[in-house]
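Listed below, chain by chain, are the residues.
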Amino acid sequence: MLKDKKILVGITGGIAAYKAADLVSRLCKQGAIVYVAMTKGATEFIAPLTLRTLSGNPVYIEMFEEPKVWNVEHISLAENVDLAVVAPATANILAKMAAGIADDFLSTVLLATKAPIFVAPAMNHNMYHNPATQENLQVLKERSVEIIGPGTGFQACGTPGDGRMSEPQEIIEALERYFAQEKPLQGKRALVTAGGTQEPLDPVRYLGNRSSGKMGFAVAQALVEAGAETILVTAPTTLPTPKGVKRIDVTTAMEMYEEVMAHQSNMDVIVKAAAVADYRPKVFAEQKMKKDGSELQIQLVPNPDILAELGKIKKKQILVGFAAETENLIKHAEGKMQRKNVDMLVANDVTKPGAGFGSPTNIVTFLFPDGHKIDLPQMSKLDVGRKLVEKIVEILEKRSE
Ligand code: PMT
């Protein structure tokens, strides 16, 4: 599983650094090509020469030392590895990763890489349970960093608790699971829309909606996990782009329409999770509109219904729509499924706590044109995305039978 995989092992300054030698040795025995980057702290616990000897490659520590090969090393390493694993990962490196700090070789490579990142935390159990560390781990999880462990047991500081680095064999197994993961959408191209479009009234105001983009971003992440080459056309949001996704930023429904139409013919799958404004102001006021105390009427003109347009022209594509409802969920969603000619519709009642706009979770029902429905319990939006991908894979498989 690990043969010929290029793996960056990041080692930071904790007593568990000695176990990193075993990890590097095991990875190399399995045929992986291992590059090691150490923090200065790590070199206090284990000699770089040990890692160099075990990996057969130079060890990276200093940002500004003479290059080992002529290249911008942190960037070329970041671009060339298949996976990065930080073991042990101290509270300090986790905080730096969460904050996007790049102040030494390892943290810079981790910020620059698009490869999946695994971390094996190792620290004193009080440091591990400190809310700062827990929040940093949560941030990293949301950015798709895989957390391995930590284990529980007797710690080097003399007290028992959790915070022990997972054993090298457990770390290897986590990496093997990643490389073994089925990629059922490998070779497929997908486009997802996310967020709420903004329809400008004047230079300072717009008509908008409450969509945060979380649902669409989660779907894009699930599609990439399943191996699809994924484009995410998103309305304004501050969310970070999931790893491996090509992001296109738009503001208005018309811009979203243009981008979706420009790419649609190359897509195998299109998922429309965006909350698109049905109307836009007829006139855009060049200067900020002034109040004069009287009533204000704004004339609106319809935007194109992007999903309905896609439904008219689709051939072999799988088209998935969402329906955000506040009443009669299934009845309204069924109407949309038919009108927009989609292969699957994800209905959510946006008035339910834990569902809809802004929430990290959603409660959805999948509807299909043959009449069958699947009710899902409340789950994270990423899990909804993964369930959605499972159904897309099933539809594709049925079509190829
Ligand atoms: O972004 P979050 O905060 O995570 O919230 C998630 C969500 C509530 C936005 C999401 O789960 C959701 O329901 N998205 C669809 C919102 C919506 O606009 O629903 P609708 O029922 O108005 O539209 C039905 C479908 O037609 C949607 O797929 C929509 O993208 C599409 N549409 C609508 C209007 C339009 N002019 N063009 C479209 O393509």
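Residues numbered from 1 in each chain as written. Predicted model: local features only at pLDDT ≥ 70, side-chain atom pairs only at ≥ 80, totals over all residues. Heavy atoms only, no water.

A. View of the overall build of the chain. When helices and strands are counted, the chain shows 14 helices and 22 strands. Along the first, second and third principal axes, the C-alpha atoms of the chain reach 75 × 60 × 45 Å. Taking all 401 residues of the chain together, 49% fall into the buried category. A sequence separation of at least 24 residues applies to 66% of the contacts in the chain between residues at least 6 apart. With an accessible surface of roughly 19900 Å², the chain has 51% of that area assigned to carbon and sulfur atoms. Charged side chains in the chain number 46 positive and 47 negative. The centres of these two groups are separated by 2 Å. (Helix = DSSP H or I, 4+ residues; strand = E, 2+ residues; numbered from the N terminus. Buried < 20%, exposed > 50% of the residue type's maximum accessible area, 1.4 Å probe, protein only. Contact = heavy atoms within 4.5 Å. Areas by Shrake-Rupley, 256 points an atom, 1.4 Å probe, with all protein chains shown as cover. Lys, Arg positive; Asp, Glu negative; His and termini not counted. Charge placed at Lys NZ, Arg CZ, Asp CG, Glu CD.)

B. Expanded view of the nonpolar core. Ranked by internal contacts, the top residues of the largest apolar core, which has 34 residues, are Leu223, Val271, Leu388 and Ile392. If you list the elements that add at least two residues to this core, you get strand E9 (189–194), helix H10 (214–225), strand E14 (269–272), strand E17 (318–325), strand E18 (344–349), strand E20 (364–367) and helix H14 (381–400). Among the elements that make up this core, the one with the highest residue count is H14 (seven residues). Here Val271 is in contact with Leu191, Val192, Thr193, Val219, Leu223, Val320, Phe322, Leu388 and Ile392, once residues within four sequence places are set aside. If you look at the next biggest cluster of nonpolar residues, it comprises 33 residues, including Val24, Val34, Met38 and Val59. (Core = buried A, V, L, I, M, F, W, Y, C linked by side-chain atoms within 4.5 Å.)

C. Looking closely at the site of the ligand. Of all residues adjacent to the ligand, which total 29 residues, the nearest are Ser211, Ser212, Lys336, Asn348 and Gly358. One nitrogen or oxygen atom from the main chain of Gly358 is found 2.6 Å from an oxygen atom belonging to the ligand. Lys381 has a polar side-chain atom sitting 2.7 Å from an oxygen atom of the ligand. Of the pockets mapped on this structure, the ligand occupies the second largest pocket. (Near = heavy atom within 4 Å. Polar contact = N/O pair within 3.5 Å; in protein donor to acceptor, adjacent residues only side chain to side chain. 1 Å grid on protein atoms, 1.4 Å probe; cavity = no way out; pocket = protein on both sides within 12 Å on 5 of 7 lines; lining within 4 Å. Sits in = over half its atoms within 2 Å of the grid points.)

D. Focus on the side chain of Asn348. As for its position among the elements, Asn348 is in strand E18. The class for Asn348 is buried, based on a relative accessible area of 6%. From its side chain, Asn348 meets the backbone oxygen of Ala323 in a polar contact 2.7 Å long. Reaching out from Asn348, the side chain makes a polar contact with the side chain of Asn362 at a distance of 3.0 Å. The contact partners of Asn348, leaving out residues within four places of it in the chain, are Ala323, Ala324, Glu325, Leu329, Gly356, Asn362, Ile363 and Val364.

E. Main features of the sheet that holds E14. Overall, mixed pairing links the eight strands, which are arranged E13-E12-E9-E14-E17-E18-E20-E21 in an open sheet. For this open sheet the edge positions go to strand E13 (246–249) and strand E21 (373–375), each flanked by a neighbour on one side alone. On average, each strand axis in the sheet is tilted by 15 degrees relative to the strand beside it, whichever way the strands run. Summarising the sheet, E17 and E18 pair through six bridges and their orientation is parallel. What sits directly across from Ala324, in E18, is Asn348. Each of E9, strand E12 (229–234), E13 and E14 touches helix H11 (residues 253–264); the most contacted strand, E9, lies at about 175 degrees to it. (Pairing = 2+ DSSP bridges. Axes fitted to C-alpha atoms, helices over the stretch in contact; angles between N-to-C directions.)

F. Geometry of the sheet that holds strand E3 (residues 59–60). Pairing is parallel in the open sheet, where six strands are placed in the order E3-E2-E1-E4-E5-E6. In this open sheet, the two edge strands, each paired with only one partner strand, are E3 and strand E6 (146–147). In the sheet, strand E2 (residues 33–38) pairs with E3 via two bridges, with the strands oriented parallel. Bridge pairing in E3 places Ala37 opposite Tyr60. In the packing of helix H9 (residues 168–180) onto the sheet, contacts are made with strand E1 (6–11), strand E4 (83–89) and strand E5 (117–121), and the angle to E4 comes to roughly 160 degrees.

G. Main features of the pattern of salt bridges. A complete count under the given rule lists 18 salt bridges for this structure. Across the salt bridge formed by Asp103 and Lys96, the nearest N and O atoms sit 2.6 Å from each other. Its relative accessible area of 53% is what places Asp103 among the exposed residues. Among the residues examined, Lys96 registers a relative accessible area of 10% and is labelled buried. The residue Glu334 makes a salt bridge to Lys373 at a minimum N-O spacing of 3.3 Å. Here Glu334, found in helix H13 (residues 329–340), pairs with Lys373, found in strand E21; they are 39 residues apart in sequence, far enough to count as distant. Assessed through its relative accessible area of 29%, Glu334 is described here as partly exposed. (Salt bridge = Lys/Arg side-chain N within 4 Å of Asp/Glu carboxyl O.)

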